[in-house]
Amino acid sequence: MKIPLSYNLRNLAVRRTTTIMTAFGIGLTVAVLAASMSLTAGLREAFRASGHPLQLILMREGSGAELSSQVSRESFNEVIRYRPGIAKLKSGEPAASLELVNTINLPSKESPDGMNLTNRGILPEGVAMREDFTMVRGRWFEFGKREVVVGSDVASRYPDAGLGRTIRFGRGEWLVVGVFDTPFPARKSEVIGDANQMLQDFQRGSLFSSVLVRAEDEVAMQALTNSLSAEQRLQLDVLTEREYYERQSSSGNLIQYVGTFVAIIMAVGSMFAAMNTMYAAVARRSKEIGTLRVLGFSRRSILTSFFIESMILAVLGGVAGLLLVLPLNGLTTGIGADATFAEIAFQLRVTPEVALTSMIFALIVGAAGGLLPAFGAARKQILTALRDM
Amino acid sequence: MRFLPLIFKNALRNRRRSFLTISSLALSICLLGVLTALYAALFHSSPPPGQELRLVTRHKVSITNVMPTWYKERIRAVPGVKEVIIWQWFGGWYKTEERDRQYFFPRMAAEADRLFAVYPEWEIPEDQKRAFQADQTGCIVGADLAKAQGFKIGDRINIRGSFFPVNLELTVRGIYHSPHESDSLWFQFKYLEQGFESLGWPNFAGTFTMLAESPEAIPGIIRAVDAMFANAEAPTKTETEYAFGLSFLAFLGNVKMILLSICGAVTFTILLVAANTMAMSVRERVREVGVLKTLGFTQEKILGILLGESMAISLIGAGIGLVMAQGLCVMLRQAPPIVQQTKTLTIEPAVLAILIGVSLLLGVASCIVPAWSAARTSILDALRFTD
Amino acid sequence: MSEATGAAAEVIIRTRKLTKEFARDSFRVVALKDVDLDVKRGEFIALMGPSGSGKSTLLHLAAAMDRPTGGTIEVLGQDIGAMGESAVARWRNRHIGFVFQSFNLIPVLTAFENVELPLKLTHLKKGERDQHARTALRLVGLDDRMHHYPKQLSGGQEQRVAIARAIVTDPDILLCDEPTGNLDAKSAQEVLTLLKRLNEEYGKTVLMVTHDPHAAHFARTIRYLDKGELLPEGQAPEDWRTPEPHA
């Protein structure tokens, strides 16, 4: 025989204040966990989604990031560019782009002292390979001019980098002639211009940073990876674009560790609080428990009933926590990408996984907090229960 | 206060509840303590002695952008600058090319002839110092690093270049002790310059590290150096070495905001837990409030006794929590440091005072509503009250 | 204003047309109606009457635990209806000892600490408080139970501790609300004997509410309340069983 759920709901409603406080305590714990998870989820999404499935990034062996890699124009032309298996552009040229990566500093809304951004110099192949780019405002830069285009995240987060503004880096000023958008989040944080112009500014001679290559198909991609990795004239690391960006998201790990650690400690605290509340509920209803037993409810139904009540508290808490975190969904923030010393903008994501994990977390807290008091209630002797209070 | 015994006995009236509440508070306050200590260490600490006179000039954009070496002589001429050296972060790979914490340690090139003038607090035997300066491929390692990696004088250390495509073959010539940082490897900038020459690269400097004559001279130096190069090809940013170390934190995102929001959430949770307990505890005792009133206790005294109880619970929780927090701080010191500031992490007296103050305030805030309404209940209502 | 006090004894509780009405939901209940009562120093009065007759209300009004809705009540020459909240609290501590039906000891305090509690509101030093509390406990015959907690005491013992707590500040008036209501016959006998002794040997004025005729017989005077009205001295309600004389 089951004790009806409405009995628990009414009791929770009668003890409104305690119910709200306990649920909210669980809610805050869930919120901390959910916030840190949505940060990492957003970061992962930003990086994971940033790679073309058939593109490879070539860097000097051991450099780990484009910024610390060097590839010269000569070795690009001689060793990489005309490899078989590289897809062809509309122009008939191989889809291989020699790129120059630097870091520049711009003041942003969040940090007026300036944040670092990735600045990329590309050649005509580079422009051609960026078919996913759409110019939301303005146009592409022209080669031979001190012009740049900026990603939509840059334009919105850095007031000085809007369309028509000039920004200072390298040896002088650059005119922002276009704002581009791309489905690849990590690339929205870049400032892109003519690589040859930038080489001069950064005194790089003919030393570029990395090469972006598009394979004809997956088989060709594997073959290219093998042959380029084995190339003796150049010691190269060959990574798929996806692998590369996923590695960059590792600086989010620390945040997730810290967030989880904090959430777990808070969870133990909330569990104790939930236990308190449930023990009080049991004590207060001691007589009722006796009466229910006399009416014929079994110990098991008493146990279940109190346990369910604690789970209802947990669900309320979980929902409260998620409601607290929900406004963060889609919030854009920046984080330093590992090893590139440049900022990548990304959006916090309260994904279904985040919501589910948080809810489960809340239920664990509720279960842990409710079990002992529920057992206590079920163990009560009828007569002692009736005599209590 | 004559009512202290009563307050303490009341606080422990329901053992299980008090235990649960105090444990919950202790955990939260422990967390709050560590976070506050971290915040204080990162954003409100002052450099340890020996470091407060050191400044670092880097490219305004980032340390991966470089400056011409001739900046050094211009900086040396700035009033208040006692000594300046070129200091170049090298990075590279030791033993492995994986991201392996085990083999990760800072590797820096610096001008050996003046290095010890800029780091006067280092302790290193005179003969080791000279042996290092005399050997172009020599290096010195910090005592902590030597211990961690088992480096001894005479050991060969090979570092593969990454950012700089130069491979180093170094010999350990000395081991230095520093009161705040001794886990780095230093080698001669000349050796790196040779590598650049063989690559056909121009000479450049990653950072300049300088020693100021006095703390008063520091703001002037910062202004003068940055103004001097404001319109040059490589604009600079000069800051204290201490602040320079902190700038690496920026790559973790808005650390300040993250810390503050977690602290806020934790504090609010404490408030809820304590308020919930006190509400239950006061409710159970409304009848007793009536009895106390019959004995002649005024509303104010009863309010004081109830608030005192809540503050006592908060204080006990805070005491346990802060001890645990200090323990965690000591553990965190052992963790791989991101910034130097965490290596001496501790609950400073100021942090201690703030947290005790906060917990007292929380004690009052969590209890004031139920306590006030209980104290104001008329005697007869209180005596008749059933929960 | 107190009028000429009797030569024999000072009137310490004087009520005139004392009335108390409660608003219960939409209708009014008259608990006390035009009660005129004089209690002289050294008296031991039992207030009797069926439940709802207003006897407890009268006691509460005398302890300033409640305020009258009409008439006046002077205790020790002071109009207690006119005193402020804190003044009443101090006054109560000084002049009134209250004994409850359900003892109402503080469970976390020992017998001794319970008795000492009201003294903490006075300016007495620790040593003096100790001495007073001991004396009071000795008087109620519980000096050997001083460090027991209420739950370690029997009901009768608890009530005696409560009486010790009530008299420890040497109040002028002892107000007892059904002091034997929760006790077995033997304990009740002990408690009543104690009250009687306090009245006779120590001259305490005792005003006791009870519905137990046996208990009432320990008092020197019995007064009856019926439907909120105080019956003239010596008169009992018609349907009231006349208590047998105390042996």
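Scroll up for the structure.
Everything quoted here is computed from the prediction, not taken from an experiment.

Definitions and limits used
Residues numbered from 1 in each chain as written. Chains lettered and ligands numbered in written order. Predicted model: local features only at pLDDT ≥ 70, side-chain atom pairs only at ≥ 80, totals over all residues. Heavy atoms only, no water. Contact = heavy atoms within 4.5 Å. Buried area = accessible area lost by both parts, 1.4 Å probe. Salt bridge = Lys/Arg side-chain N within 4 Å of Asp/Glu carboxyl O. Polar contact = N/O pair within 3.5 Å; in protein donor to acceptor, adjacent residues only side chain to side chain. Helix = DSSP H or I, 4+ residues; strand = E, 2+ residues; numbered from the N terminus. Nonpolar A, V, L, I, M, F, W, Y, C, P; charged D, E, K, R; others polar. Pairing = 2+ DSSP bridges. Axes fitted to C-alpha atoms, helices over the stretch in contact; angles between N-to-C directions. Buried < 20%, exposed > 50% of the residue type's maximum accessible area, 1.4 Å probe, protein only. Arc of directions from axis to C-beta. 1 Å grid on protein atoms, 1.4 Å probe; cavity = no way out; pocket = protein on both sides within 12 Å on 5 of 7 lines; lining within 4 Å. Points joined across faces, edges and corners; volume = space filled by probe spheres on them.

Q: Just checking my understanding: could you explain the interface of chain A and chain B for this structure?
A: Many structure descriptions define interface size as the accessible area lost when the parts assemble. The interface is formed by 49 residues belonging to chain A together with 45 residues belonging to chain B. Summed over both sides, the interface between chain A and chain B buries roughly 4,300 Å², with carbon and sulfur atoms accounting for 65% of that surface. Counting across the interface, chain A meets chain B through zero salt bridges. At the junction of chain A and chain B, the tally comes to four residue pairs in polar contact (both at pLDDT 80 or more). Mapped by element, the contributors of at least two residues to the side of chain A that touches chain B are helix 2 (16-48), strand 3 (96-106), helix 9 (251-284) and strand 13 (332-336) of chain A. With 18 residues, the single largest contributor to the side of chain A that touches chain B is helix 9 of chain A. Of the residues that constitute the side of chain A that touches chain B, the class distribution is 24 nonpolar, 20 polar and five charged.

Q: What am I meant to see in the sheet that holds strand 10 (residues 236-240) of chain B here?
A: Hydrogen bonds between backbone groups are what pair the strands of a sheet, and the pairing can be parallel or antiparallel. Residues and elements named next belong to chain B. Ordered by their spatial adjacency, ten strands build an open sheet running 3-6-7-5-8-4-2-9-1-10, and the pairing between neighbours is mixed. The sheet is open, and its two edges are formed by strand 3 (93-94) and strand 10, each paired on a single side. Relative to strand 10, strand 1 (residues 54-59) is paired through five bridges, and the arrangement is antiparallel. Within strand 10, the residue paired with V56 across the bridge is E239. Packing against the sheet, helix 7 (residues 189-199) makes contact with strand 2 (81-89), strand 4 (107-110), strand 7 (168-176) and strand 8 (185-188), and its axis sits at approximately 60° to strand 8.

Q: What's the story with the environment of G64 of chain A in this structure? I'm lost.
A: All names here are of chain A. Considering the arrangement of structural elements, one finds G64 in the loop between strand 1 (55-60) and strand 2 (71-72). Considering only alpha carbons, one finds G64 and R204, 140 residues apart in sequence, at a separation of 19 Å. If we ignore the near neighbours within four places in the chain, the residues touching G64 are M59, Y244 and Q248.

Q: Teacher, can you tell me more about the pairing of strand 3 of chain A here?
A: The side chains of a regular strand alternate between both faces of the sheet. All names here are of chain A. Of all the eleven residues making up strand 3, eleven are buried; the element is thus mostly covered by neighbouring parts of the structure. Of the two faces of strand 3, both are covered, the one formed by A96, L98, L100, N102, I104 and L106 as well as the one formed by S97, E99, V101, T103 and N105. Judged from the four bridges that link them, strand 3 and strand 11 (residues 210-214) form a sheet pairing that is antiparallel. Bridged to S97 within strand 11 is L212. Strand direction decides the pairing type here: strand 3 and strand 4 (residues 115-122), joined by seven bridges, are antiparallel. Residue L106 lies in a different strand from strand 4, and its bridge partner there is M115.

Q: Would you explain helix 3 (residues 73-80) of chain A in this entry?
A: Within an α-helix, residues lying three or four positions from one another point in the same direction, as the helix has 3.6 residues per turn. Residue and element names in this part refer to chain A. Those residues of helix 3 that sit buried are S75, F76, V79 and I80. Around the axis of helix 3, the buried residues are gathered within 105° of arc, so they sit on the same side. At its buried positions, helix 3 is contacted by strand 1, strand 2, strand 3, strand 11, helix 7 (218-229) and strand 12 (236-240).

Q: Explain the pattern of salt bridges here, please?
A: Where charged atoms of side chains with opposite charge meet at close range, the side chains can pair. By the definition in use, this model includes 47 salt bridges over all chains. Of the charged contacts, one joins E147 of chain A and R139 of chain A as a salt bridge, the two residues approaching to 2.9 Å between their closest N and O atoms. Take R139 of chain A: its relative accessible area is 36%, and that puts it in the partly exposed class. Residues E126 of chain B and K129 of chain B are paired through a salt bridge, measuring 3.8 Å at the closest nitrogen-oxygen approach.

Q: Would you mind showing me how to read empty space enclosed by the protein here?
A: Think of a ball as big as a water molecule: rolled over the atoms, this probe shows where empty space is left. Within the structure shown, the criterion is met by ten cavities of 30 Å³ or more. Considered as a void within the structure, the second largest cavity measures approximately 70 Å³ in volume. Around the second largest cavity, the lining residues are L6, N10, R285, E288, V289, L292, I302, I305 and L306 of chain B together with I106 of chain C. Put simply, the parts of the chain that give the lining of the second largest cavity at least two residues each are helix 1 (4-11), helix 11 (286-294) and helix 12 (299-334) of chain B. Residue classes in the lining of the second largest cavity are distributed as seven nonpolar, one polar and two charged.

Q: Before we go on, may I ask you to explain the interface of chain B and chain C in this structure?
A: With 23 residues of chain B at the contact, the number on the chain C side is 30 residues. Between chain B and chain C, roughly 2,300 Å² of surface is buried when both sides are summed, and carbon and sulfur atoms account for 64% of that area. The largest per-residue losses of area from chain B upon contact with chain C belong to R2, K9 and L295 of chain B, which jointly make up 29% of the total buried on that side. In this structure, the connection of chain B to chain C is made through one salt bridge. Note that E113 of chain C and K9 of chain B form a salt bridge whose closest N and O atoms lie 2.7 Å from each other. Taken together, the connections running from chain B to chain C amount to six residue pairs in polar contact (both at pLDDT 80 or more).

Q: Just to check I follow, could you spell out the environment of M324 of chain B for this structure?
A: All names here are of chain B. With respect to the helices and strands, the residue M324 is situated in helix 12. The spacing of M324 and I29 is 295 residues in sequence and 9.0 Å in space, taken between C-alpha atoms. Those residues in contact with M324 that sit more than four places away from it in its chain are A26, L27 and C30.

Q: Please clarify how the environment of S373 of chain B should be interpreted in this entry.
A: Residue and element names in this part refer to chain B. Counting through the fold element by element, S373 comes out in helix 13 (residues 349-376). Distance from S373 to Y242, taken between C-alpha atoms, is 52 Å for residues 131 residues apart in sequence. There is a polar contact of 3.2 Å between the side chain of S373 and the backbone oxygen of P370.

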